[in-house]
Amino acid sequence: MSRHAIAEAITATRREWFPLASGRLGHAWWVFMLAVAALGLIQWRWYGGTLLIGSTLGLVIGAAQVHGRRRGPWWWVAAAHALFVAGAFVQSDMDAAGTSARGLSAADALYTAATAAFAAGLLGFIRHRTSGPIAWKGLLDGVVVLLCAGLLGWWLFVQPTLDQAPPFPAPHRFRTLYPVADLGLLALAAWLASAPETRSPSLKLLVLGLVSWTVADAVYHAMSFGGATPPTLLFPLWLLAYVCWGAAALHPSRHRLLAIRDASRVDGTAGRFSLVALAMLAAPLSLLAPARPDAVTTAIIVVAVISTAALLLWWRLRGLRGQVDRQHDALVVAAETDPLTGLPNRRRLLDVVARAMDAGRKTAVLVIDIDRFGAVNEAYGHAAGDLLLRELAHRWRVALSSRDALVYMGADEFCVVMPALQDAAQALAVAHRLQESLRDAVWLDGAKLRMAASMGLSIGPDDGDEPGVLVHRATLGMRRARQQQDGIARFTQDLPRQDPRTLLLLNELRDALADGQLRLQYQPKVRLHDMRVIGVEALLRWEHPQKGTVPPGQFIPLMEHTGLMPEVTQYVLHLALEQCAAWQRAGMALTVAVNLSVCSLLDGTLSSEVRGQLARAEVLAHRLVLEVTESAAMSDPATSLATLHALAAQGVKLSIDDYGTGYSSLAYLQDMPVEELKLDKSFIVNLRKHEASAAIVGSTIRLARKLGMQVVAEGVEDAETATALRKLHCFAAQGYWFSPPVDAAALPGVMADIERRLARRA
């Protein structure tokens, strides 16, 4: 064993055993007992009796600290200890008077009562109603040891003395029962120790005292068959027993003897069964005893004891085997079952799919991804996320038929396996039914959430004849479903596969944030009635050291799915406001717009974060515009409204980005403190081509003006579109016809160029 291992073992032992007592009285007791023991070394006459009384006092203190005035096991042990001490004083007086061998005495009555009280205390620990009883099978090992060791001890120590003792009812024969009773107490202690929760220094002290007491009793009765003054050598063993019991009651680990027990756990360690095996060997070894009955009687007794012990041991092993089998089955189920939802987990998924495929006909695999689940975890905590998973699992389980299997794949993904289908229409009907179950809102911590999910479908054997292939292709369909109106997509061969380079980008994103690879570019926003640049939109760019500029469409979705978005939002706010402050100092009165994700909108600390960023940058609040999408605002209307109102109260301008592509609830917009609508470019590019697009844009502008909002058109690509928007009284516009996104240093020149160019056209 290395020095490090030895040092660790010493440290662990010290932590287990020290301190030796709890409370001032406990520490005072140890000081008192050590002082008395020291006096004993200098032959102080009363040290033995003082130790006896002191150990009783220790048990009384410990019982009072644990139970107070209520009855409890420690009070029974304290009572037993007091009776033992009283018996010892009575026996000492009788030994001094030479009357100990005349018959049964008051000392015998006290010892008998003490043994019964001690047994009651141990049984109180074992069957404690609050802690939970220890299974009866924990007693079997102790009984086996009691039978086998008792047989050996009887013929080695007791039988020789009985041959010399007067016939029954002589007190000598009665006193031979003391070692047997001691073994009974040890059997009860073994039963108590069979519960792993009870094993502690306190229990070890209790058992050490019993062992010391049993050895002293056995040697005493073997030497004098209980009818003479005990040898002086035995007194330290009895004193050790008394002191150990007092110390056990004061040790801080005494509460573990009353710890809550798991009824299914009964100790079955190798050491415990080794002890039982050695005890089994003790029975045949007793045949070597010098004094025993005749050979036939000896053989009958040995066979009877061994048979009884073997039967008990078989019963114990049978129960242990059953317990091992049950634990194995439970471990298998636990390994293949998600503890949160109670559903089969990913480990069982392929087996579930394989069994469904073996049933014949078509098998459908539906992979479900909960949209914006990460935002829920970030806004409300993981406990709320767990509640959401359980609720959705319950809804979907109710919506499915009994033959369909629902599997929880982990994180925010589920999988439905549908066997024995006739055609794909059945599977699509199930998918729509699961989507329908999401219509009702979910309440989390008083917040009303409307959840959505993306579902990808594959059907075997059409889309694959292997379970893993079907699951993978359903996952590909699920990614396509994120762009579908109904959130459901069937796998087709033309679906794009995950580019391995995307996985590399995922690993490099966090380093990019820490290393300053993420920067901002700014796209001008032009007021149409006078063609002047009034603000900019901050757009995130990633300059990769090896790959160059990474398109936003590749890395921004990754940030939303890896939990980086809140940190990136703070970073973007910092850069944008610092740049806005620089423009403000240079006399450029520009607003700067920053996009907010759904997880940022649901973050309760967003308002205080924005306030702090504005203060540090010394930027006026109305210079900051925060853009949110309709779908983000509607993911949790109550929380979103609270956050938006808190931001508006600071003077921050709010804008609805990509208006027209989400819920488009104008009634809901009346409740939102927004000042600006940004029309999605899908309406703007068709403005001059389709009358419907022109009608939508015109009506939106008129309605927004009545609601006191300004409209900004995105995606203006030519002069004709800018002119048409101006005629429709659109407030402002942005797009590549004015300017693409540029670096902050280039913006003054770009602004001057835009205004000169537009002035000439005007």
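Residues numbered from 1 in each chain as written. Predicted model: local features only at pLDDT ≥ 70, side-chain atom pairs only at ≥ 80, totals over all residues. Heavy atoms only, no water.

**Quick word on the packing of aromatic side chains**
- Inspection of the entire model under this criterion finds 17 aromatic pairs.
- For the pair Tyr220 and Trp238, a centre-to-centre distance of 6.0 Å together with 75 degrees between the ring planes defines the contact as edge-to-face. Placement of Tyr220 in helix α9 (residues 201–224) and of Trp238 in helix α10 (residues 235–250) is noted, with a sequence separation of 18 residues between them.
- Using a relative accessible area of 11% as the deciding quantity, one classes Trp238 as buried. (Phe/Tyr/Trp six-rings, centres within 6.5 Å; stacked < 30°, edge-to-face > 60°. Helix = DSSP H or I, 4+ residues; strand = E, 2+ residues; numbered from the N terminus. Buried < 20%, exposed > 50% of the residue type's maximum accessible area, 1.4 Å probe, protein only.)

**Some points on the packing of helix α4 (residues 73–97) against α10**
- Contact geometry for α4 and α10: axes closest at 11 Å, N-to-C directions at 155 degrees. Here α4 lies roughly antiparallel to α10, going by the angle between them. Seen along the crossing, α4 lies across α10 with a hand that is left-handed. Between α4 and α10, the residues in contact are Trp74, His81, Phe84, Val85 and Ala88 and Tyr242, Trp245, Ala248 and Ala249, respectively.
- Class assignment of the residues belonging to the contact of α4 with α10 gives a composition of eight nonpolar, one polar and no charged. (Axes fitted to C-alpha atoms, helices over the stretch in contact; angles between N-to-C directions. Parallel < 35°, antiparallel > 145°, perpendicular 65-115°, else oblique. Left-handed = near helix turned anticlockwise from the far one by under 90°. Contact = heavy atoms within 4.5 Å. Nonpolar A, V, L, I, M, F, W, Y, C, P; charged D, E, K, R; others polar.)

**Focus: the side chain of Thr475**
- Within the secondary structure, Thr475 sits in helix α17 (residues 467–481).
- For Thr475, a relative accessible area of 13% gives the class buried.
- A distance of 2.9 Å separates a polar atom in the side chain of Thr475 from the backbone oxygen of Val471. (Polar contact = N/O pair within 3.5 Å; in protein donor to acceptor, adjacent residues only side chain to side chain.)

**Concerning the sheet that holds strand β3 (residues 413–421)**
- Pairing in this open sheet of five strands is mixed, and the strands run β2-β3-β1-β6-β7 from one edge to the other. Both edges of this open sheet fall to β2 (405–410) and β7 (488–490), since each of them pairs with a single strand only. Taken pair by pair, the neighbouring strands of this sheet meet at an average axis angle of 20 degrees, ignoring direction.
- Where α17 meets the sheet, it contacts β1 (362–370), β2, β3, β6 (453–460) and β7, and its direction lies at approximately 145 degrees from that of β6. (Pairing = 2+ DSSP bridges.)

**Some points on the pairing of strand β13 (residues 653–659)**
- Counted residue by residue, β13 has five buried out of seven residues, so it is predominantly covered.
- By the bridge criterion, five bridges tie strand β12 (residues 624–629) to β13 in an arrangement that is parallel. Bridged to Thr629 within β13 is Asp657.
- Relative to strand β14 (residues 676–679), β13 is paired through three bridges, and the arrangement is parallel. Each bridged residue has a counterpart across the sheet, and for Tyr659 the counterpart in β14 is Leu679.

**Section: the pairing of strand β11 (residues 591–595)**
- Among the five residues of β11, four are classified as buried, and the element is accordingly described as predominantly covered.
- Bridge count between strand β9 (residues 532–544) and β11: three bridges; the pairing is parallel. The residue of β11 that forms the bridge with Val536 is Val592.
- In terms of strand pairing, β11 meets β12 through four bridges, oriented parallel. Of the residues in β12, the one forming a bridge with Val594 is Leu626.

**Considerations on the nonpolar core**
- Ranked by internal contacts, the top residues of the largest apolar core, which has 83 residues, are Val610, Leu624, Leu626, Val716, Leu725 and Phe738.
- Residue contributions to this core peak at ten residues, all from helix α20 (residues 565–585).
- Filtering out sequence-adjacent residues up to four positions away, Val716 remains in contact with Ile684, Thr721, Ala722, Leu725, Ala733, Gln734, Gly735, Tyr736, Trp737 and Phe738.
- Core analysis: the second largest hydrophobic core is formed by 56 residues, Val66, Ile134, Leu206 and Leu258 among them. (Core = buried A, V, L, I, M, F, W, Y, C linked by side-chain atoms within 4.5 Å.)

**What about the environment of Phe491?**
- Along the chain, Phe491 falls in the loop between β7 and α18 (500–514).
- A sequence separation of 14 residues divides Phe491 from Gly477, and the C-alpha atoms of the two residues are 4.6 Å apart.

**Thoughts on the packing of helix α2 (residues 23–41) against α10**
- Where α2 contacts α10, the axes come no closer than 10 Å and their chain directions differ by 160 degrees. In terms of axis orientation, α2 runs roughly antiparallel to α10. Crossing hand, α2 versus α10: left-handed. Between α2, through Gly26, Trp29, Trp30 and Met33, and α10, the contact on the second element is made entirely by Val243, Gly246, Ala247 and Leu250.
- Across the contact of α2 with α10, the residue classes tally to six nonpolar, two polar and no charged.

**Some remarks on unusual backbone geometry**
- Across the junction of Phe18 and Pro19, the peptide omega takes the value 0 degrees, indicating a cis bond.
- Structurally, Pro19 can be placed in the loop between α1 (3–17) and α2.
- Note that the residue after Gly460, namely Pro461, is joined by a cis bond; omega there is 5 degrees.
- Looking at where Pro461 falls in the secondary structure, it is placed in the loop between β6 and α17.
- The phi dihedral of Ala411 falls on the positive side, at around 55 degrees, and the residue is not glycine.

**Examining the side chain of Thr721**
- Tracing the chain through its elements places Thr721 in helix α28 (residues 719–727).
- What Thr721 contacts, discounting residues up to four positions off in sequence, is Ile684, Leu687, Arg688 and Val716.

**Quick word on the confidence of the model for the chain**
- This prediction gives the chain a mean pLDDT of 83; 85% of its residues lie at or above 70.
- Across the chain, element-level confidence peaks in strand β16 (residues 732–734) with a mean pLDDT of 95 and bottoms out in helix α11 (residues 270–285) with 58. (pLDDT = per-residue confidence, 0-100.)

**Re a nonpolar patch on the surface**
- Taken together, the side chains of Leu39, Leu41, Ile42, Trp44 and Trp46 make up a nonpolar region of the molecular surface, amounting to roughly 580 Å² of accessible area.
- For Trp44, the location among the structural elements is in the loop between α2 and α3 (47–67). (Patch = residues over 30% accessible without salt bridge, like charges linked within 9 Å, V, L, I, M, F, W, Y side chains within 5 Å. Areas by Shrake-Rupley, 256 points an atom, 1.4 Å probe, with all protein chains shown as cover. Salt bridge = Lys/Arg side-chain N within 4 Å of Asp/Glu carboxyl O.)

**Brief notes about the environment of Val243**
- Checked against the element boundaries, Val243 lands in helix α10.
- Each C-alpha atom, one on Val243 and one on Leu52, is 7.5 Å from the other, the two residues being 191 residues apart in sequence.
- Not counting chain neighbours up to four residues away, the residues in contact with Val243 comprise Trp29, Met33 and Ser55.

**Some points on the pattern of salt bridges**
- Under the counting rule described, the total for this entry stands at 15 salt bridges.
- When the shortest N-O distance is used, the salt bridge between Asp463 and Arg490 registers 3.2 Å. A residue pair is termed long-range when its members are at least 10 positions apart, and Asp463 in the loop between β6 and α17 and Arg490 in strand β7 qualify at 27 residues.
- For Arg519, the salt bridge is made with Asp743, and the minimal N-O distance between the two is 2.5 Å. A residue pair is termed long-range when its members are at least 10 positions apart, and Arg519 in strand β8 (residues 518–527) and Asp743 in the loop between β16 and α29 (747–761) qualify at 224 residues.
- Among the ionic contacts, a cluster of salt bridges with common partners joins Glu537, Glu627, Lys678 and Glu714.

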